[in-house]
Amino acid sequence: MTSIVWFRDDLRIADNPALLAAAADGPAVAAYILDEESAGIRPLGGAARWWLHRALAVLRRDLAGLGIDLVLRRGPGASAIAALSRDVAATAVYWNRRYGHPERTVDAQAKKALRETGVHVESFQASLLHEPWTLQTGQGGHYRVFTPMWNRLRDMDIRHPLGRPCPAPGGGDVGPIEGDELDDWGLVDTSPDWSSKLDRHWVPGEDEAWKAVQEFTGEAVQDYAEGHDVPGIRGTSRLSPYLRWGHVSPFQLWHALSRGPADAQAGAQAFLRQLGWREFCWHLLYHHPDLAAQNLRPAFDRFPWRWPDRPAGETPDALRGDPVAPERALAAAAEPVDAWKAGATGLPLVDAGMRELWETGWMHNRVRMLVASFLTKNMGVHWRVGEQWFWETLVDADEASNPANWQWVAGSGADASPFFRIFNPQTQARRFDADGSYVGRWVPEALLPGYPEPIEDLAGSRRRALADYQDTRKA
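Residues numbered from 1 in each chain as written. Predicted model: local features only at pLDDT ≥ 70, side-chain atom pairs only at ≥ 80, totals over all residues. Heavy atoms only, no water.

Undergrad: Describe in detail the nonpolar core, supporting the description with residues and values.
TA: Counting 130 residues, the largest nonpolar core has Leu63 and Trp340 as the members making the most contacts within it. The element contributing the most residues to this core is helix H11 (residues 265–287), with 11 residues. Discounting residues that sit within four places of it in the chain, Trp340 has contacts with Thr345, Val350, Met354, Val371, Phe374, Leu375, Met379, Gly386, Trp389, Phe390 and Trp406. Counting 21 residues, the second-largest nonpolar core is a separate cluster that includes Trp6, Val29, Ala82 and Val93. (Core = buried A, V, L, I, M, F, W, Y, C linked by side-chain atoms within 4.5 Å. Buried < 20%, exposed > 50% of the residue type's maximum accessible area, 1.4 Å probe, protein only. Helix = DSSP H or I, 4+ residues; strand = E, 2+ residues; numbered from the N terminus. Contact = heavy atoms within 4.5 Å.)

Undergrad: Break down the packing of aromatic side chains for me, citing the residues and quoting the values.
TA: Scanning the entire structure with this criterion turns up 30 aromatic pairs. Between Phe390 and Trp406 the ring centres are 5.1 Å apart and the planes differ by 80°, which places this aromatic pair in the edge-to-face class. On the criterion of sequence distance, the pair formed by Phe390 in helix H16 (residues 383–393) and Trp406 in helix H17 (residues 401–410) is long-range, its members being 16 residues apart. Like Trp406, Phe390 is buried. An aromatic cluster is built from Phe146, Trp150, Trp254, Trp277, Phe280 and Trp408, whose rings are joined through pairwise contacts. Lying across the ring of Trp362, Arg238 places its NZ or CZ 4.5 Å from the centre. The cationic tip of Arg366 hangs over the ring face of Phe432; the distance from NZ or CZ to the ring centre is 4.1 Å. (Phe/Tyr/Trp six-rings, centres within 6.5 Å; stacked < 30°, edge-to-face > 60°. Lys NZ or Arg CZ within 6 Å of the ring centre and 35° of its normal.)

Undergrad: Which residues make up the pattern of salt bridges, and what are the values?
TA: This structure, assessed with the given rule, holds 22 salt bridges. Between Glu36 and Arg49 there is a salt bridge, with its nearest N and O atoms 2.7 Å apart. One end of the pair, Glu36, is in the loop between strand S2 (28–34) and helix H2 (46–64); the other, Arg49, is in helix H2, with 13 residues separating them in the sequence. Residue classification places Glu36 among the partly exposed positions, given a relative accessible area of 31%. You can call Arg49 buried: its relative accessible area is 12%. Put simply, Arg234 and Glu215 hold a salt bridge, and the shortest N to O gap is 3.4 Å. Of the two residues, Arg234 sits in the loop between helix H8 (224–227) and helix H9 (240–244) while Glu215 sits in helix H7 (residues 206–217), which places them 19 residues apart along the sequence. What makes Glu215 partly exposed here is its relative accessible area of 47%. Within this structure, Arg8, Arg98 and Asp107 form a network of salt bridges that share partners. (Salt bridge = Lys/Arg side-chain N within 4 Å of Asp/Glu carboxyl O.)

Undergrad: If you had to explain helix H3 (residues 77–88) to someone new, which residues and values would you point to?
TA: For H3, built from 12 residues, the straight-helix expectation of 16 Å at 1.5 Å per residue is met to within 8% by its first-to-last C-alpha distance of 17 Å. Among the residues of H3, Gly77, Ala78, Ala80, Ile81, Ala82, Ala83, Leu84, Ser85 and Val88 are the ones counted as buried. In this fold, the buried residues of H3 make contact with strand S1 (2–7), S2, strand S3 (69–74), strand S4 (90–96) and helix H4 (101–116). (Expected span 1.5 Å × (residues − 1).)

Undergrad: Any details on the packing of H16 against H17? Residues and values, ideally.
TA: Where H16 meets H17, the axes come as close as 9 Å, and the angle between the chain directions of the two elements is 145°. Judged by the twist between their axes, the crossing of H16 over H17 is right-handed. Contacts between H16 and H17 pair Trp383, Gly386, Glu387, Phe390 and Trp391 from the former with Asn402, Pro403, Trp406, Gln407 and Ala410 from the latter. The residue makeup of the contact of H16 with H17, split by class, is 6 nonpolar, 3 polar and 1 charged. (Axes fitted to C-alpha atoms, helices over the stretch in contact; angles between N-to-C directions. Left-handed = near helix turned anticlockwise from the far one by under 90°. Nonpolar A, V, L, I, M, F, W, Y, C, P; charged D, E, K, R; others polar.)

Undergrad: Would you mind going over the sheet that holds S2 in detail, with residue names and values included?
TA: Pairing is parallel across the open sheet formed by 5 strands, whose spatial order is S3-S2-S1-S4-S5. The open sheet has two edge strands with one neighbour each: S3 and strand S5 (120–124). On average, adjacent strands in this sheet sit at an angle of 25° to one another, irrespective of strand direction. When S1 meets S4, the two strands line up parallel, connected through 5 bridges. Among the inter-strand pairings, Thr2 is bridged to a residue of S4, identified as Ala90. (Pairing = 2+ DSSP bridges.)

The values reported here are purely geometric and, on their own, carry no functional implication.
Here it is in structure tokens:
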């Protein structure tokens, strides 16, 4: 009897109900399928592909310590898992549930194909505190406003984290299984060279995730309520990529923060609210599968968005070097959207955020809101252009939070920021980077001769955006 545990966005050993179920059956095989062929599955961006490569190597090592082999295969998910099941004569296949529509379709197809051959199939809740169909308004629909959902969620029971499976006695006796070599997948691009940059800033994997959790839940969380808005200090948790890839579960984080000391509870509650916002984004995606392509507020279908000539996810030539030479980026960023991507807008805080993103695959949350507001409102560019660029460059980009947050800033989403809330980069810099430490790190030439004038007049572009919004509302 052999069981398969199918890993997806849950690349951890602890608190993994699918892995626990497979290990409890006896000999088990772990599988990861690179599915870039099933209808609707969104191919990973370049930075995410780098993270996945590193994470799978770590997961393979960790599973080997349990006597479980990790088999890599590539192809449509449903047919690939069915083929692996035949190859190992599996009696059961376990996985943790996903919530995007294409992924749920793949899982339903896999479940049907496996059960038709007599294989037991079971799925589990592992990546959301409460699944979308279990958290509803009093009228029976899904939440479109965050605060009522958050008030409901935080009063509900949250299960405690599960443990780790015990190593198989004497190791598994499944035998060799045909699979792909990780290096053959070509996940680490060389143009641009993500590896040499991101290796300097991140170490994917469950062990590193817990180091980050312990660091954050120690003294750092005490100042989180105020400090998470200040980009020049280490005031945020930096846990987002570890949560996105499932190196740590929301259940683990919830209980780690909830049991902290009294003097850390203000920061802990502020962080848990962010965890609740993540849940809100995933619930929106479940109920609105086209979240990355369609305005949630139909009125914005009439808004006169600008679209650049360059494809939204394409890397500008100014950013193909590594590391980016700021003066070359400034000179080469002739197109406005390319200037935004290159951190060459002439607005230091915007440029700092975009350069942090390109160098590290991550950006401070407040600065994410600022650069998104500047693109969609001051520059008038469609939010999908920014969403696709973040999808390409963020190590923590997921299919729910990325589009939901872009729509929130643009004003087109659920519980969106009012359109007239237009972040002023200069005001934001004075308020949240008063000592200039963040800008000084990423845009050291901001005060030197030759730094460009802003590509947009902030006051004039704000008036234009508000006028366009008023015309849209009247239409």
